[in-house]
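Structural overview
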Amino acid sequence: ERSSSAIIPTIRHFMADEELSITIDKRYWPRMAMRSVAPVLRAVGDKHGNIVIAAQPAKGNILVKGSRERIDEVKPALLEIISEHFPDAPTPPELQGRGGVDDERQENIEEETVLAECADEPQTRVAPRSAVHRSVPYSHKPDRSSARKGKPLGHGSVSSDLLWQCLKTNSSFIRASKPTGLSRPFSAEPNNLMALHTKRFSGLANRDVLDVRPLVRGILESIELVQSAASPSKCQQPRRKTVTTGLSKRPVVGLLQIDKEINGRAYRRGLIEVAKAKYRKVQLTFRKKKRVVKSRRAVK
């Protein structure tokens, strides 16, 4: 058994040891810190007099325990380990020592040098505010000439007669077919009420467009009335140029809707009978032939 006199020096030896806690933010710690960093720290501790160096990832610390002389000797080695395994982490203040003061002093010297160089450079003279205002002529109206350049003219800015003269013989929608007794060829242009190449039914040359057309979406079939937008600004936008109105497939209701949209709003009244006639024809196209199922056992 060991005597009490042998135990007392050992206790005094442990009480004389000091602790150094090096703080490193947890976000800079690698995932496998205990496997990669702990063996390296243990080897460094054994090399410098068997001091205790332990990694504590949960707390974000590296604990160094030993005498003050041994801790000062191991600081350079710890700084190398941190720079290798924690490259993004800043240098801990516990390991800076005098180096931190020297770095701060060097930064102050560099800052003073830059300020001195800036003071030696000739300063540029700034013109007074009044002189700047006098050099630029004042105008209360903004200059819109540059905004007009290259901007295409809208449909409302061009005469319908002029458009028709341009499209009369130079339209890609003209469909010349075999002689059918008609004085005008057919036209495939959109929003043409009768698909005839005439100014009256044209969907491009007229300011007020009118058309009745079928609309099929999957198994759904409907009829819609196409008219020009009331706003002049929308007439200059191809996607918003026309407005569609759904028509009922019941003749009584659908014809009343056409009468309300044309006569009630004084919109191309001369084409109301043509629009109603096309509505009836479009409605007939929706009729399906009834399938008659005959029995094979029926007597012939």
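For the structure itself, consult the block above.
The structure presented is a predicted model; accordingly, all values stated were derived computationally and were not measured. (Residues numbered from 1 in each chain as written. Predicted model: local features only at pLDDT ≥ 70, side-chain atom pairs only at ≥ 80, totals over all residues. Heavy atoms only, no water.)

Topic: helix H3 (residues 38-47)
Residues of H3 that are buried: Ala38, Leu41, Val44 and Gly45. For H3, the angular spread of the buried residues around the axis is 125°, confining them to a single face. The elements touched by buried residues of H3 are helix H2 (33-36), strand E2 (52-56), strand E3 (61-66) and helix H4 (68-85). Remark: Gly49 follows H3 within two positions and exhibits a positive phi of approximately 80°. (Buried < 20%, exposed > 50% of the residue type's maximum accessible area, 1.4 Å probe, protein only. Helix = DSSP H or I, 4+ residues; strand = E, 2+ residues; numbered from the N terminus. Arc of directions from axis to C-beta. Contact = heavy atoms within 4.5 Å.)

Looking at the environment of Lys241
Assignment of secondary structure puts Lys241 in the loop between helix H9 (232-235) and strand E8 (242-247). Once the C-alpha coordinates of Lys241 and Ala230 are considered, the two residues, eleven residues apart in sequence, prove to be 9.0 Å apart.

Remarks on the nonpolar core
A general trend in soluble globular proteins is that nonpolar side chains are found buried together. With 22 residues, the main nonpolar core has Ile22, Ile53, Ile62 and Val64 as its most contacted residues. Those elements that place two or more of their residues in this core are strand E1 (18-23), H3, E2, E3 and H4. Top element by residues in this core is H4. It accounts for six residues. One finds Leu210, Ile262, Tyr267 and Val282 within the second-largest nonpolar core, a separate group that totals 18 residues. (Core = buried A, V, L, I, M, F, W, Y, C linked by side-chain atoms within 4.5 Å.)

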